[in-house]
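# Survey of secondary and tertiary structure
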There are 2 protein chains.
Amino acid sequence: METIKVGLLGLGTVGTGVAKMIFDNQEELNKKTGYAIEIIKVAVKNINKKRDIELPQAVFTDNPQEVVENPDVQIVVEVMGGLEDTKDLIIKALQNGKHVVTANKDLLAVSGQELFEVADEQKKDLMYEAAVAGAIPIVRAVKESLAADEITEVMGILNGTTNYILSKMSQEGADFADVLAEAQELGYAEADPTSDVEGYDAARKTAILASIAFSSRVTFDDVSVSGITKISARDISYAKDLGYSIKLLGVAKREDNGQIEVRVHPTFIPNDHPLAAVNGVYNAVFVKGKALGDAMFYGRGAGELPTASAVMGDVVEVIRNIRSGSNGRIGCTCYNEKNIKDVNDVVSKSYIRLLAKDEPGVLAGITRILGEHHVSVESIIQRGGQSSGCDECEQGEAEVVLVTHAVRHQDLKAATDEINSLAKVIQVYNIVRVEEGGN
Amino acid sequence: METIKVGLLGLGTVGTGVAKMIFDNQEELNKKTGYAIEIIKVAVKNINKKRDIELPQAVFTDNPQEVVENPDVQIVVEVMGGLEDTKDLIIKALQNGKHVVTANKDLLAVSGQELFEVADEQKKDLMYEAAVAGAIPIVRAVKESLAADEITEVMGILNGTTNYILSKMSQEGADFADVLAEAQELGYAEADPTSDVEGYDAARKTAILASIAFSSRVTFDDVSVSGITKISARDISYAKDLGYSIKLLGVAKREDNGQIEVRVHPTFIPNDHPLAAVNGVYNAVFVKGKALGDAMFYGRGAGELPTASAVMGDVVEVIRNIRSGSNGRIGCTCYNEKNIKDVNDVVSKSYIRLLAKDEPGVLAGITRILGEHHVSVESIIQRGGQSSGCDECEQGEAEVVLVTHAVRHQDLKAATDEINSLAKVIQVYNIVRVEEGGN
Ligand SMILES: NC(=O)c1ccc[n+]([C@@H]2O[C@H](COP(=O)([O-])OP(=O)(O)OC[C@H]3O[C@@H](n4cnc5c(N)ncnc54)[C@H](OP(=O)(O)O)[C@@H]3O)[C@@H](O)[C@H]2O)c1
Ligand SMILES: NC(=O)c1ccc[n+]([C@@H]2O[C@H](COP(=O)([O-])OP(=O)(O)OC[C@H]3O[C@@H](n4cnc5c(N)ncnc54)[C@H](OP(=O)(O)O)[C@@H]3O)[C@@H](O)[C@H]2O)c1
């Protein structure tokens, strides 16, 4: 049986999973691809580190160039992370005639275009299923299964750390900081959680999803991002009262005029929406298509073996392409002009929570300003003093929660700025978008 | 731009959807495939019927041979249904050098092997994404994305009609016969609902899923099937009390020794299992893999455009293969010996509902028999007379509901047969399997 020779850039969490799968499933992989798979070169930072997997010492190198320049390597699996240097390595690998499978969302969300152009020129495969939503095969679903449909909306829970935190806050009524500390202890959140809790990680995946769903070139910079650090136990409790769950969602929509909305933010979603039941470290991607209707893909967004399963699905595809001489067969589907909608023009329902003096006329003042800015109100909750369920209120203060009808973001912002400056309003604490459309 | 010439067998619900998508999405399809797509021949039963779509009269024929023999047709889309004749048509199409896309689960579940062998011989594509769970791209996910993993379990809500009926029964506390009649009026159930309510349709899809998940050749005959006609409002009400939903599930599991369990039956699933929230006409497939962990795919299982979206995803794939000269690139992955486990040896928890005389010693008699057959009991509910919530009980009767621990089906059957013959037991009404494993 002929052998396919693989080089790994990185043997950390994901790389180790990939190596394990290649060893453990060798026989089935042979049968499915017609080839044996051999790992002949592995670049790591520290070649002396004790590894969770046995590989001959000779395959290790601390020089990644030795992987991308090795003339025998046919497929490079890039699971080391990083930006500029890694980009150069991938480009060099492609130019040297190798196919590349990567899990690197950070890189793709910024430099995808450049990389895909090189892959197309070279007629080589560049695959990245693991870069979005880990084990969930959403990239292949969108690029292939749904290729004939017009996708209008993609909405995803794309970051396990923040979903774990929000799920815990919701189950236990706990506050953000406490749950974050606990998640860090358990290893569900990193020591520096910025990229997760500020929504950057989700934004990178959203950019990639928007690109493939709309055959365009959406990058990280195009995504308007806000994280979950301002979400409090009170917001979650109001969400429950109103029949919603709070999730950090990556949202990408395309209008018939071609304008693309692309944003990441905490979102109220109705409890009967399929995304509302996605808890803990699970990820899920909800897709709406003109023919498809609604669909959802659910699974593990990270972890050694789940992520490796996505990487290895790509490796199998590359080998099947090698077998049939069809590498590069799909190529880049990025023919549409990018037309990103200004986030100020985005229209959605919103939730507003504020603290005000418990005096006559306060509500009238607030609703007058909303009306002047074309913001109409769907529901209002007002709770005065501690006795009536407002923990944060002092004597003589009241908490006011409003849910608006669909409103242009710019109008909402102008209205809430003005409300915040009212003498009787102590502070507008939070504004959260509300998505509609449950079962 | 070169043209790909398509012939349709059938222009009913799905065929019309396919034609609409080819017309409406022509421009995007051109860009994604590099070809224009033209429908040059359409076989229907009645060429004079008024159609929902405009096609030149000359493309119509009532002789399907004219499609599969037409030398210009490159892809045959089979959406007419049927068994023997249709099998011959597909074989002829493949032998005449055409690729075939079909939605015909009835045929594949019985004669798949024969068809795939011809396709492999001819190096032609034979694709069938729409045959399982309509719009949900589960076939491609299993055959490609999860190709490197070892799938251990597939469980699906695969029939929209029965899921609609069970969801309605559960929401309204209504009985099977009433909801079925309503579903027939609304067009959600056919005049002859046998294939749906007896579980045959789900069994066909389960056979196909088991085949691709376990790289084997599972056919309709291998599936042990029971339908939903015996499920009553009372069973649903007990399920709720116990924290479960009732779904008609297609279940396929493979043990490490290679034995395959494949069965369709009403099932209690815990409310926190992702399948429990799948209601109405939606379908969903839950997959467990050694690397993947748990994943779920959710979407519309039928309907003109959702089903057409799956068919057209396959058509796009065939065209991309034509473009790169790689048709037949994946081929049949059916190398594993089929080793079906006897349904009597299947082990699962079970729910039992029976009516007995409300006399001392009844429960002791029942539990003694269960014990003798190695059936241990997890929970018991006993309700006597009408006042304590047993609608079906007469004076002096009691309803007994038991949930067992995991038990071999054969032991359970022997035990319940013996219980049924007890003088104090009026009737064992229902036995339903219980699946575990929520979030
Ligand atoms: N972890 C997940 O669940 C997950 C999920 C989806 C996507 N991803 C993506 O997958 C990639 C890898 O993630 P990971 O969690 O596996 O990372 P990791 O555990 O930190 O592993 C990184 C690996 O790369 C090696 N490495 C780093 N810099 C190097 C350099 N300059 N030269 C040579 N080797 C170098 C490290 O060597 P040493 O072993 O010697 O330190 C290590 O083996 C990232 O792009 C990440 O975003 C990860
Ligand atoms: N409907 C769904 O949502 C769905 C979902 C998944 C899979 N499927 C599968 O897709 C296939 C088609 O389903 P459908 O609902 O579209 O069926 P349908 O509406 O009954 O359409 C069948 C079509 O085939 C034509 N036809 C039937 N027998 C023929 C014959 N002997 N010669 C020539 N033409 C013939 C009919 O012609 P006339 O128009 O002249 O009657 C009609 O156009 C079936 O295999 C079904 O199981 C359907």
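The text that follows walks through the structure, step by step, so that each part is easy to find. All residue numbers refer to positions counted from 1 along the written sequence of the respective chain. Labels follow written order: the first chain is A, the first ligand is 1, and so on. A pLDDT threshold of at least 70 governs which residues receive local features in this predicted model, and a stricter bar of 80 or more applies before side-chain atom pairs are shown or counted, although totals over entire chains, interfaces and linings include all residues. Values shown for side chains rest on all heavy atoms present in the structure; no hydrogens or waters enter the calculation.

### Considerations on the state of the cysteines
Residue and element names in this part refer to chain A. Cysteine sulfur atoms that pair up within 2.5 Å are treated as a disulfide. The tally for this structure, following the rule as stated, stands at two disulfides over all chains. Paired by a disulfide, Cys332 and Cys334 hold their sulfur atoms 2.0 Å apart. Buried, partly exposed and exposed residues are distinguished by accessible area as a fraction of the type maximum, computed with a 1.4 Å probe on protein chains only: under 20%, between the cut-offs, and over 50%, respectively. According to the relative accessible area criterion, Cys334 is partly exposed, its value standing at 28%.

### What to know about the interface of chain A and chain B
Between chain A and chain B, the residue contacts involve 52 residues of the former and 53 residues of the latter. By convention, the term buried area covers the 1.4 Å-probe accessible surface removed from two parts as they join, with the contributions of both added. Buried surface at the junction of chain A and chain B, summed over both partners, amounts to about 4500 Å²; 50% is from carbon and sulfur atoms. Of all residues in chain A, the largest losses of buried area upon contact with chain B belong to A:Ala148, A:Tyr298 and A:Arg329, amounting jointly to 16% of the total for that side. Salt bridges are defined by distance alone: a side-chain nitrogen of Lys or Arg within 4 Å of a carboxyl oxygen of Asp or Glu. Counting across the interface, chain A meets chain B through four salt bridges. Contact between two residues is taken to exist if any of their heavy atoms lie within 4.5 Å; hydrogens are not considered.

### Topic: the pattern of salt bridges
The full count for this structure, using the stated rule, is 74 salt bridges over all chains. A:Lys20 is the partner of A:Asp52 in a salt bridge, and the nearest nitrogen-oxygen pair spans 3.3 Å. One end of the pair, A:Asp52, is in the loop between β2 (36-43) and β3 (60-61); the other, A:Lys20, is in helix α1 (residues 13-24), with 32 residues separating them in the sequence. For A:Lys20, a relative accessible area of 22% gives the class partly exposed. In this structure, A:Arg368 and A:Glu372 form a salt bridge, with 3.0 Å as the shortest nitrogen-oxygen distance. On the criterion of helical spacing, the pair formed by A:Arg368 and A:Glu372 is a turn pair, its members being four residues apart in helix α13 (residues 362-372). For A:Arg368, a relative accessible area of 44% translates into the label partly exposed. Given a relative accessible area of 44%, A:Glu372 falls into the partly exposed group. Look at the salt bridges and you will find they share partners, linking A:Glu129, A:Arg140, A:Glu144, A:Asp314, A:Glu317, A:Arg329, B:Glu129, B:Arg140, B:Glu144, B:Asp314, B:Glu317 and B:Arg329 into a network. What counts as a helix is a DSSP run of H or I of at least four residues, what counts as a strand is a run of E of at least two, and both are numbered from the N terminus.

### A closer look at the site of ligand 1
Residue and element names in this part refer to chain A. One heavy atom within 4 Å of a molecule or strand makes the whole residue count as near it. Residues in close proximity to ligand 1 total 22 residues, the closest being Leu11, Val14, Asn46, Arg51 and Gly303. N or O atoms closer than or at 3.5 Å make up a polar contact, with two conditions inside protein: a donor-capable atom paired with an acceptor-capable one, and, for residues adjacent in sequence, both atoms drawn from side chains. With respect to ligand 1, the side chain of Thr307 contributes an N or O atom lying 3.4 Å from an oxygen atom. Here the residues of the shell around ligand 1 sort into 10 nonpolar, eight polar and four charged. Under this grouping Gly is polar, as are all residues other than the nonpolar Ala, Val, Leu, Ile, Met, Phe, Trp, Tyr, Cys and Pro and the charged Asp, Glu, Lys and Arg.

### Thoughts on the environment of B:Thr416
Among the structural elements, B:Thr416 can be located in helix α14 (residues 409-420). Leave out the neighbours within four places in its chain, and B:Thr416 touches B:Ile352, B:Val428 and B:Ile431.

### A word on the nonpolar core
Here, the term nonpolar core denotes a set of buried Ala, Val, Leu, Ile, Met, Phe, Trp, Tyr and Cys residues that are joined through side-chain atoms within 4.5 Å. By size, the foremost hydrophobic cluster in this structure holds 161 residues, and its most contacted members are A:Ile138, A:Ile165, B:Ile138 and B:Ile165. For A:Ile138, the residues in contact, after removing those within four places along its chain, are A:Glu129, A:Val132, A:Ala133, A:Leu209, A:Val285, A:Val287 and A:Phe297.

### Notes on the side chain of A:Lys98
Here A:Lys98 lies in the loop between α4 (84-95) and β5 (99-102). A distance of 2.8 Å separates the side chain of A:Lys98 from the backbone oxygen of A:Asn70, its partner in a polar contact.

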